[in-house]
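# Survey of secondary and tertiary structure
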Amino acid sequence: KKMSLNLLKRELDRDLEEFEAKKQKKAERKEGKKIKNKKKGGGVGEKKNRFEFNDKDYSKEDDHTAECLKYLGVLDQKLEEVNTDKILQHNRKQKRQDKYTFDTSDVKKKEEASIFTDEDFAVVSKLHFVNSKK
């Protein structure tokens, strides 16, 4: 089964046109992506340098004194009278700064008396100190 030369040529032209159309669409898509990437800031072969140095001078601090004083004034106006006696008493108690007074009237004084006599002490001292010249 042989095809005529015209039919072969027609089929070949149609295939070439389809191939060229696909190639054209593919090129257009790539070009569209390049344009989109350029709009976004990126691109093929291009890298945007997004790193920035921090040039803030941290040795200088901002002065917030006026703000703090204003807020303290607001707080002082809200509190008319504060009784801090209980707080201070608790704090002193925790730090053991309160002077505790012990009532000695309840404690009975015991007479200090020994159950040993002087002779017993003399014997024990001689036993433990054999080489002494006492």
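For the structure itself, look to the data block above.
This text gives an overview of the structure that appears in the document. (Residues numbered from 1 in each chain as written. Predicted model: local features only at pLDDT ≥ 70, side-chain atom pairs only at ≥ 80, totals over all residues. Heavy atoms only, no water.)

### Examining the overall build of the chain
Using the following cut-off: For helices the rule is a DSSP run of H or I covering at least 4 residues; for strands it is a run of E covering at least 2, with both sets numbered from the N terminus onward. Each residue is assigned to one of three classes by its accessible area relative to the maximum for its type, calculated with a 1.4 Å probe on protein chains only: buried under 20%, partly exposed between the two thresholds, exposed over 50%. A 1.4 Å probe and the Shrake-Rupley method give the accessible areas. Residues count as covered only by the protein chains that appear here.
Secondary structure summary: the chain contains 4 helices and 0 strands in total. Along the chain direction, N to C, the helices and strands of the chain fall in the order α-α-α-α. Residue burial in the chain is summarised as follows: out of 134 residues, 0% are buried. When the accessible area of the chain is evaluated, it comes to approximately 15500 Å², of which 53% is carbon and sulfur surface.

### Side note on a positive patch on the surface
Counted only if it meets this: Surface patches are drawn from residues lacking salt bridges whose relative accessible area is over 30%; two like charges belong together within 9 Å, two nonpolar side chains (Val, Leu, Ile, Met, Phe, Trp, Tyr) within 5 Å. Whenever Lys or Arg places a side-chain nitrogen within 4 Å of a carboxyl oxygen from Asp or Glu, that contact is recorded as a salt bridge. A residue counts as positive if it is Lys or Arg and as negative if it is Asp or Glu; His and the chain ends are not included. For the purpose of locating charges, the reference atoms are NZ of Lys, CZ of Arg, CG of Asp and CD of Glu.
Together, Lys 25, Lys 26, Arg 29, Lys 30, Lys 33 and Lys 34 make up a region of like positive charge exposed at the surface. Considering the arrangement of structural elements, one finds Lys 26 in helix α1 (residues 5-40). Its relative accessible area of 54% is what places Lys 26 among the exposed residues.

### Description of the pattern of salt bridges
Tallied over the full model, the rule gives 1 salt bridge. Ionic pairing is found between Arg 14 and Glu 11, a salt bridge with its closest N-O pair at 3.4 Å. Placement of both Arg 14 and Glu 11 in helix α1 is noted, with a separation of 3 residues, approximately one turn of the helix.

### Digging into a nonpolar patch on the surface
There is a patch of nonpolar side chains on the surface, built from Leu 69, Leu 72 and Leu 75 and spanning about 300 Å² of accessible area. With respect to the secondary-structure elements, Leu 75 resides in helix α2 (residues 65-78).

By themselves, these figures tell us nothing about what the structure is for.
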